[in-house]
Amino acid sequence: MLVKKINLKLLICVTTALIGALNTGCSATASYLANKQQNIDQPEGIEVRFNQLSQAEYKSPINGRNRPGDNLEQFILEAINGAKGEVLVAVQELSLPRIAKALAAKHRAGIRVRVVVENQYRKPWSKLHAAGLPAHQQQRLGQLAALADANNDGRLNAEETLNGDAMALLETAGVPLKDDTADNSKGSGLMHHKFLVIDQKHVIFGSANFSNSDIHGDAGAGRTKGNTNHLIKVNDQALAQIFRGEFEKLWNNQFGINKESGSTQEAMVGTAKLQVLFAPHKRSNPSNGLAIIANTLKQAKEKIDLALFVFSAQELTGVLEERVRAGIKLRVLVDPGFASRSYSELLDIMGVSLPDKRCKLEAKNKPWQKPLMAVGIPKLANGDKLHHKLAVIDGKTVISGSFNWSPSAAHGNDETLVIIHSAQLARHFTREIDRLWGGANLGISPGLEKKLHKAERFCGKVMANREVSP
C-alpha cells in the first residue's frame with residue numbers, strides 16, 4: 001500500500017507540474033515530444049545557429065569527436081574570412097586562437113580590424129600567474145593552457161603558448177584592441193556585448209562569447225559540450241549601421257552608465273522587424289532594457305517560453321504573474337547554478353523564499369501566492385551552463401542578445417538586447433527550448449528542498465524574517 005501511495009503522489013506531482021498547478025511539495029521531470037522536422041527554413045536575411053542542436057553534428061576541434069550541434073566558431077570564422085573592408089568585434093571574452101588568427105590575417109591584409117573586450121579578459125593568459133587569481137580564474141587559466149597543449153604532452157613550449165593565446169596573437173599582429181578601462185575608469189559593470197559587424201552590412205550577435213566554454217566545451221573535459229548558446233547572423237545594412245554606431249561609442253571610450261544609451265532602434269529584414277537596444281540606462285530612464293522586456297511580455301496572448309542564464313529582475317516576475325493570471329501558459333528554465341540563489345526569481349515563481357548567508361531576504365521579495373511548478377532547471381552535462389538569454393512569445397516574437405534578465409544588465413553593463421518579430425525564427429528557438437525541456441527538473445528539486453530546510457534551521461522560519469538586504 002505504501003508503494004501505491006508513493007506512485008500516486010508521483011503521478012500527481014508530474015501531472016500538476018506539467019499543467020502549472022499549485023503545488024510546492026514535489027518536483028517532476030519534464031518531457032516533450034521531439035520535433036521530428038529535421039530542417040526548419042531560415043527567415044529571409046537571417047540565420048540562427050545553436051551549439052547543442054540535436055539535428056546537426058560537427059567534429060569538435062577540442063577532442064576530434066563528432067558531437068551534436070552547430071559549430072559556432074566556424075560560423076564566426078566564415079564571417080570574418082569573408083570580410084573585404086572592415087571587421088568590428090565587441091565581445092566580453094575572445095580566447096579562441098583560431099578566431100584571433102583570422103582577425104590577425106585580415107589586419108595584415110590591410111582590412112580594418114578593431115576589437116573591444118571586457119577588461120578582465122584583455123591581458124594574454126600566458127602572462128598571468130595562477131597565484132593570487134580567484135578560483136574561477138585559476139580554473140580558466142588551466143583550461144586555456146590545456147587548449148594550447150597541441151601535442152597533449154602536458155607541457156607547453158614557446159610555440160604552443162603563443163599559438164594558443166588569442167590576446168597575445170592579436171597583440172603580436174598589431175590588431176587595435178581596447179577594453180572598458182580605456183576611459184580611465186575601473187571599467188563598466190561588464191563589457192558584456194557579444195557581436196561583430198562585417199563590412200557594414202553583416203551582423204552576428206547572440207549569447208555566446210568567443211571562448212571554448214561557450215562554444216565547444218572545456219579542453220580536458222570530454223563530457224562538456226559548451227554552455228548552451230546561440231548566435232544569429234543578419235545580412236542587412238541598416239541593422240549593421242545600428243550596431244556599428246554602438247561600436248563607435250565604445251571605441252570612443254564611452255562605456256557603462258557614462259555612455260549615452262538611447263531608446264530602441266528598428267530595422268526591417270525581409271518580413272522580420274528587429275528592435276535593438278543597447279544598455280545601460282539610468283533606473284529613471286523608461287527606455288531601460290527591463291522596461292522594454294516587460295512591455296514585450298505584456299503583449300503575450302497565449303504562451304511565454306523562457307530559457308535564461310540569470311533571472312533576478314523582480315519587476316519582470318510581477319509581469320509574468322499577471323500574465324499567468326490572465327491565462328497565459330508559461331514555461332521557465334533557469335541555469336542550475338543560478339536557479340537556487342537567494343535572489344533568483346525562479347524561487348518567487350515557485351512560491352518560496354531563500355535568505356542569503358546573513359539571513360536576509362532579497363529587497364522587495366515577493367513569492368507568488370499561487371505558485372507555478374512548470375518551471376525549473378535543464379539537464380546539462382557536468383560543467384556546462386544554460387547561457388541563453390532567451391524568450392519566445394506566442395510563437396512569433398523572440399528576445400535575444402547578451403542581456404541577462406537582471407538589474408546589472410539594465411543599469412550597469414554594456415549589453416545588446418534584440419527583439420525579433422518573426423514566426424519563422426521563433427520556430428527555431430521553440431525547438432531549442434523543447435530540447436532543453438526534455439529531462440528538465442521541474443518544481444522544488446531535492447537539492448533546493450535541502451537548502452530551504454538548512455536555511456530554516458539556521459535562520460529560523462524563512463518567511464518570518466522580513467528584514468531585507470540593502
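Residues numbered from 1 in each chain as written. Predicted model: local features only at pLDDT ≥ 70, side-chain atom pairs only at ≥ 80, totals over all residues. Heavy atoms only, no water.

## Comments concerning the overall build of the chain
Thought 1: Summing up its helical and strand segments, the chain has 15 helices and 19 strands in all.
Thought 2: Computed over the C-alpha atoms, the radius of gyration of the chain is 22 Å, within 12% of the 23 Å expected from 2.2 N^0.38 for a compact globule of 470 residues.
Thought 3: Taking the principal axes of the C-alpha coordinates as reference, the chain spans close to 75 × 50 × 50 Å.
Thought 4: Buried residues in the chain amount to 55% of all 470 residues.
Thought 5: Considering only contacts in the chain between residues 6 or more positions apart, those separated by 24 or more positions represent 73%.
Thought 6: Surface summary for the chain: the accessible area is close to 20700 Å², and the carbon and sulfur share equals 50%.
Thought 7: The averaged location of the 46 negative side-chain charges in the chain is 5 Å from the averaged location of its 60 positive side-chain charges. (Helix = DSSP H or I, 4+ residues; strand = E, 2+ residues; numbered from the N terminus. Rg over C-alpha atoms; globule rule 2.2 N^0.38 Å. Buried < 20%, exposed > 50% of the residue type's maximum accessible area, 1.4 Å probe, protein only. Contact = heavy atoms within 4.5 Å. Areas by Shrake-Rupley, 256 points an atom, 1.4 Å probe, with all protein chains shown as cover. Lys, Arg positive; Asp, Glu negative; His and termini not counted. Charge placed at Lys NZ, Arg CZ, Asp CG, Glu CD.)

## Observations concerning the confidence of the model for the chain
Thought 1: Mean pLDDT for the chain: 89, with 91% of residues reaching 70 or above.
Thought 2: Residue range residues 1–25 is modelled with pLDDT below 50. Its contacts to residues more than four positions away, or to other chains, number 26 contacts.
Thought 3: Below a pLDDT of 50 lies the segment residues 462–470, which in the model reaches 24 contacts outside its immediate sequence neighbourhood of four places, other chains included. (pLDDT = per-residue confidence, 0-100.)

## Side note on the pattern of salt bridges
Thought 1: Per the stated rule, a full pass over the model turns up 20 salt bridges.
Thought 2: Close ionic contact of Arg140 with Glu93 constitutes a salt bridge, the shortest N to O distance being 2.8 Å. With Arg140 in helix 4 (residues 135–148) and Glu93 in the loop between strand 5 (86–91) and helix 3 (97–108), this pair connects stretches of sequence that are 47 residues apart. Taken as a pair, Arg140 and Glu93 share a single burial class, namely buried.
Thought 3: Notably, a salt bridge pairs Asp305 with Lys303, separated by 3.7 Å at the nearest N-O pair.
Thought 4: Overall, the relative accessible area of 2% leaves Asp305 in the buried class.
Thought 5: Relative accessible area serves as the criterion here: at 33%, Lys303 is assigned to the partly exposed category.
Thought 6: Put simply, Glu86, Arg112, Arg114, Arg244 and Glu248 are held in one network by salt bridges that share partners. (Salt bridge = Lys/Arg side-chain N within 4 Å of Asp/Glu carboxyl O.)

## Some points on the packing of aromatic side chains
Thought 1: One pass over the structure, following the stated rule, counts eight aromatic pairs.
Thought 2: For the ring pair Phe243 and Phe278, a centre distance of 5.3 Å and an interplane angle of 85° mean the geometry is edge-to-face. A residue pair is termed long-range when its members are at least 10 positions apart, and Phe243 in helix 8 (residues 237–251) and Phe278 in strand 12 (residues 272–279) qualify at 35 residues.
Thought 3: We classify Phe243 as buried; its relative accessible area is 0%.
Thought 4: Among the aromatic residues, ring-to-ring pairing joins Phe195, Phe205, Phe243 and Phe278 into one connected group.
Thought 5: Above the face of the Trp251 ring, Lys178 is positioned so that its terminal group lies 4.9 Å from the ring centre.
Thought 6: For the cation-ring pair, Arg331 lies above Trp437, with the distance from its terminal atom to the ring centre recorded as 5.0 Å. (Phe/Tyr/Trp six-rings, centres within 6.5 Å; stacked < 30°, edge-to-face > 60°. Lys NZ or Arg CZ within 6 Å of the ring centre and 35° of its normal.)

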